[in-house]
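One letter stands for each residue in the lines below.
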Amino acid sequence: MVGVLRGGSLGGVVKRGGPIGVGERALGPDLARGFMLLFIALANSHYFVDGTRVFGGFPMDGSWVDRVVGMVLSTFVDGRAFPMFGVLFGYGVAQIVRRQREAGKEWWPIRKLLWRRSLVLIVLGFVHAMLLYVGDILAAYGVLLFLGVWALRWKDRWLLIAAALVFVLTALPSDDSLATASDATDPSMLPPDFLGQFGDRIVVQPFIALLGWIGFITPFLVGLWAGRRRILERPTEHLTLLRTTAVAGLTVAVLGALPVSLVVGGVIDQPSDDVLTRLGPLHDASGVLGGFGYAALIVLVALMLRDRQGRITLAIAAVGQRSLTCNLSQSVVWAVVFTPYLLDLSRTLSTKTTALLAVATWLATVRMADRMRRANYRGPFEILIRRVTYQPKRTAATRSRSSGSLA
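Residues numbered from 1 in each chain as written. Predicted model: local features only at pLDDT ≥ 70, side-chain atom pairs only at ≥ 80, totals over all residues. Heavy atoms only, no water.

Going by an unreviewed UniProt entry, the protein carries the name DUF418 domain-containing protein and comes from Kribbella capetownensis.

Here it is as structure tokens:
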């Protein structure tokens, strides 16, 4: 879904201030977005699996293999994929701002451009939630962007201070963390009939859109800061920072996830509710640092592959360039496979088989994106959002006809 954030044309170099041309793109951010779609597939899909007892979105009555898979996902994926998305989201916004400023644009037109982009995300997110997946976060990121434009002119220290403050606040004890939730799937997630799903989802979707963005403020602001310095595009200039972030971020993420993931894996018993109010936020807060770590690690890998980009690397990067289209394609799979009035496999598939489905779905999007790359086709939803965002100017002939009609 984050392909919506970074430019790209149908090929060649575009004019200054427009979307980023394919030939201008850095491998690191695109590769990070491509791998991020695998993490998001793994993080989303297990919530559809039905079980008599659920913890953190994982059925607790599966086999020992299911418990091991759940423990791995809880440690390395859940609460770690979306923060990485948030960093890349803010980074992409910083790129757009830089290109617009280099083209001589003032701040007010830049804000309007980003507001148009945010409104497209909100509308797409609403439709996505109503038709395919109620857990959509496109709309939440649209709201975040709509409000976040006011941070574009903040000094670097204020970006980081605000990010740190929100990070601390969201790490405070709370019983709202999905990492420790015991809620089973409901009709808004698995609607029994087509028409009935709209009534259930219209209640849930605005709640996610209007409040879900709060948890992504810290990654977004850090992404803005990193984008100003072009850290992911110029990794050779920031090797110490990237290496430190990768090692420290992922270490903290793993350690912070263990109390919850050991429960998911059945290694330890589920603690009391009072303890869970601390473990859930700990899992989520450490996941934010893990998102930073993943982004840094993948950019470092991209740097190693810079001079020997094979077909696999280019294909995964192509997913990153078309991540909105690929993300929505994933939701089509979840809807067809799990929805009760379609295949209805939520009671048939387990944690392990759903993880395999997630990997297979991601591989299918890699193949799809690579075919689009070789065909020099950007992707339908990427094209849509760029047209709305940048609003290509009318030709002189069109302006002349418009003037004549008004005369």
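Our next topic: the packing of aromatic side chains. Taken as a whole, this structure holds 15 aromatic pairs when the rule is applied. The rings of Phe 82, Phe 85, Phe 89, Tyr 141, Phe 216 and Phe 220 are connected pair by pair, giving a single aromatic cluster. (Phe/Tyr/Trp six-rings, centres within 6.5 Å; stacked < 30°, edge-to-face > 60°.)

Helix length check: helix α7 (residues 194-211) (18 residues) gives 26 Å between terminal C-alpha atoms against 26 Å at 1.5 Å per residue, within 8%. Its axis deflected by about 40° at Arg 201, α7 carries its strongest bend there. Buried positions along α7 lie against α4 (107-131) and α5 (138-148). (Helix = DSSP H or I, 4+ residues; strand = E, 2+ residues; numbered from the N terminus. Expected span 1.5 Å × (residues − 1). Bend = angle between axes of the 7 residues up to and from the residue. Contact = heavy atoms within 4.5 Å.)

Even without being glycine, Arg 230 reaches a positive phi, approximately 55°. Tracing the chain through its elements places Arg 230 in the loop between α8 (217-229) and α9 (239-264). A positive phi angle is found at Asp 344, which is not glycine, with a value near 55°. Examined against the element boundaries, Asp 344 turns out to sit in the loop between α12 (323-338) and α13 (351-374). The exposure class assigned to Asp 344 is partly exposed, which follows from its relative accessible area of 28%. (Buried < 20%, exposed > 50% of the residue type's maximum accessible area, 1.4 Å probe, protein only.)

On the surface, Val 123, Phe 126, Val 127, Leu 131, Phe 194, Leu 195, Ile 202 and Val 203 cluster together to form a nonpolar patch covering roughly 750 Å² of accessible area. Looking at the nonpolar patch, the elements with two or more residues in it are α4 and α7. (Patch = residues over 30% accessible without salt bridge, like charges linked within 9 Å, V, L, I, M, F, W, Y side chains within 5 Å. Areas by Shrake-Rupley, 256 points an atom, 1.4 Å probe, with all protein chains shown as cover. Salt bridge = Lys/Arg side-chain N within 4 Å of Asp/Glu carboxyl O.)

Take the pattern of salt bridges next. Per the stated rule, a full pass over the model turns up 11 salt bridges. Between Arg 33 and Asp 30 there is a salt bridge, with its nearest N and O atoms 3.7 Å apart. Pair noted here: Arg 33 and Asp 30 are both in helix α1 (residues 27-45), with a separation of 3 residues, about one helical turn. A salt bridge links Arg 229 to Asp 156, with the nearest nitrogen and oxygen atoms 2.5 Å apart. Note that Arg 229 is positioned in helix α8 and Asp 156 in helix α6 (residues 156-170), a separation of 73 residues in sequence. The exposure class assigned to Asp 156 is partly exposed, which follows from its relative accessible area of 22%. Through salt bridges that share partners, Arg 311, Asp 370, Arg 373 and Arg 374 make up one connected network.

A separate point is the UniProt feature "domain: DUF418" (unreviewed entry) in the protein. UniProt tags residues 226-390 as "domain: DUF418" (unreviewed entry). Within residues 226-390, the helical portion is 75% and the strand portion 0%, while the C-alpha atoms at the span's ends are 24 Å from each other. (UniProt positions renumbered as here; feature names shortened; annotations may be inferred.)

So, on to the nonpolar core. Core analysis: the biggest nonpolar cluster contains 104 residues, and Phe 89, Val 93, Leu 114, Leu 221 and Leu 224 have the highest contact counts within it. The greatest single-element share of this core, amounting to 12 residues, is contributed by helix α3 (residues 81-102). (Core = buried A, V, L, I, M, F, W, Y, C linked by side-chain atoms within 4.5 Å.)

Let's shift gears to the UniProt feature "transmembrane region" (unreviewed entry) in the protein. Here, UniProt's "transmembrane region" (unreviewed entry) annotation points to residues 31-49, 69-93, 114-131, 137-152, 159-182, 202-226, 247-268 and 288-305. A distance of 22 Å separates the end C-alpha atoms of residues 137-152, which is 69% helix and 0% strand. For residues 159-182, the end-to-end C-alpha separation is 35 Å, with 50% helix and 0% strand making up the annotated structure.

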